[in-house]
Amino acid sequence: MALELDIWTVEKLSDYFGGRPDLAGISLREAIDKYTAEKLAEVLEYAKANSSFYKEKIGDLEFTDIPFTTADELRDREKEFLCVEPGEAGLVLQTGGTTGKPKSIYFTEEDYRLDEEYFAQALRLVADETEKVLVLVSGSMGKNLAEALKKIGAQVIEYGQPGKKESEKILKLIRAEGVTTIVASATHMIALARQTEKEMEAGMEDVYLRSVLLVGEFVPENTVLMLEDVFQCMVFEHYGMVEMGQSCGIACGYSRGYHIREADLYIELINPLTGEVVPEESGKNTPGFSNYGEIVVTTLNRRGMPLIRYRTGDFSRWILTDCPCGSSLKMLDKVVPGDGRMDNR
């Protein structure tokens, strides 16, 4: 249940507000909205004071009048985004680049720890200290996930990104080690599922899991259903990108959407043609949802390279009904890639 994330959010907000009397008796949703408004004002002042790029872009504009930040600007003017000396932002992660120059995203040690802290809370939805977790993810994302899982007491096997023909080898490892949870991309889980079906038809021992967390790719609903059927497990989905600090939200298993990391990120949905924020209530045959829009993100706590109104190229809509898990955090529907994600990332 995402209530673990609600509790973590309450702790973050309590540290920020420090017991202010004007917040006594308000709901978590009201507290988040107040926190967001104050943090947005802070990040604008911080970015204007420390980033030559944002000093020029923001000027005296109100938040909703600030022009969007684009992937091309991030690619071409990366050093101008920095709010600290380059030596302070020692971790540099690159993203995109299959069709051109990649984007470099700079993190201070403090920025990186924020992401690790969030993962440690989010992964409590997926695993606990009784689980043996196989992490089939490489790079900084794999390291972050593995460290977060260890913090919650899970036993972790860090395999890294599998090769194209390693499914049989991995299934042997799963059986031998008694793996109960897997963290992987949808592509690698599909390959494992196909190999599992083949082996089961040949009379080999079934492979059943308690949970699977899918990361790094967009996941069609039929893939989720197939994995649930083959492995008889719960399938959780994660949404994020390096620009967001690798994580924006996670599904709780009770509904199809992602609970958003509101303590660190502010999300807008915009009409990509007009730049206007989409109406919250859809006028079409989709009660309980907003209109679809492009996801625009503002980081609230990043020191090294904050991003303000950054266009992701991804599309989603708000889920306006309450989640059965009881969380107060906003929920995005399953994300779909737009042209910006496919061609310009």
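Here, the structure is the one placed above.
Residues numbered from 1 in each chain as written. Predicted model: local features only at pLDDT ≥ 70, side-chain atom pairs only at ≥ 80, totals over all residues. Heavy atoms only, no water.

Caption draft 1: Quick look at the sheet that holds strand β10 (residues 265-270). Spatially, four strands are ordered β10-β11-β12-β15 in an open sheet, and the strand pairing comes out antiparallel. A strand with exactly one partner marks an edge of an open sheet, and here the two such strands are β10 and β15 (336-337). Pairing geometry for strand β12 (residues 310-316) and β15, over two bridges, is antiparallel. In the strand pairing of β15, Phe 315 is matched with Val 336. (Pairing = 2+ DSSP bridges. Helix = DSSP H or I, 4+ residues; strand = E, 2+ residues; numbered from the N terminus.)

Caption draft 2: Quick look at the environment of Thr 298. Mapped onto the secondary structure, Thr 298 falls in strand β11 (residues 293-299). Look at Thr 298 and you get buried, because its relative accessible area is 0%. Along the sequence, Thr 298 and Asp 128 sit 170 residues apart, while their C-alpha atoms lie 31 Å from each other. Once residues lying within four places of it in the same chain are set aside, the contact partners of Thr 298 are Leu 40, Val 43, Phe 63, Asp 264, Leu 265, Tyr 266, Leu 307, Ile 308 and Arg 309. There is a polar contact of 3.0 Å between the side chain of Thr 298 and the backbone nitrogen of Arg 309. (Buried < 20%, exposed > 50% of the residue type's maximum accessible area, 1.4 Å probe, protein only. Contact = heavy atoms within 4.5 Å. Polar contact = N/O pair within 3.5 Å; in protein donor to acceptor, adjacent residues only side chain to side chain.)

Caption draft 3: Main features of the environment of Ala 2. The topology assignment puts Ala 2 in the segment before α1 (3-17). Spatially, the C-alpha atom of Ala 2 lies 34 Å from that of Glu 205, the residues being 203 residues apart in sequence. Excluding anything up to four places from it in sequence, Ala 2 contacts Leu 125, Cys 252, His 259, Cys 325 and Ser 327.

Caption draft 4: Molecular detail of the packing of aromatic side chains. All told, the structure shown has ten aromatic pairs when counted by the stated rule. Measuring from ring centre to ring centre gives 5.5 Å for Tyr 54 and Phe 81, while their planes differ by 90°; the resulting arrangement is edge-to-face. With Tyr 54 in helix α3 (residues 52-58) and Phe 81 in helix α5 (residues 78-81), this pair connects stretches of sequence that are 27 residues apart. Accessibility expressed as a relative area gives 0% for Tyr 54, which makes it buried. Aromatic pair Phe 63 and Tyr 266: ring centres 5.8 Å apart, planes at 65°, arrangement edge-to-face. Here Phe 63, found in the loop between α3 and α4 (71-76), pairs with Tyr 266, found in strand β10; they are 203 residues apart in sequence, far enough to count as distant. You can call Phe 63 buried: its relative accessible area is 12%. Aromatic rings pair up to connect Trp 8, Tyr 118 and Phe 119 into one cluster. When the ring centre of Trp 318 is taken as reference, the NZ or CZ atom of Lys 330 above it lies at 5.2 Å. (Phe/Tyr/Trp six-rings, centres within 6.5 Å; stacked < 30°, edge-to-face > 60°. Lys NZ or Arg CZ within 6 Å of the ring centre and 35° of its normal.)

None of the figures reported here should be taken as evidence of function without further support.
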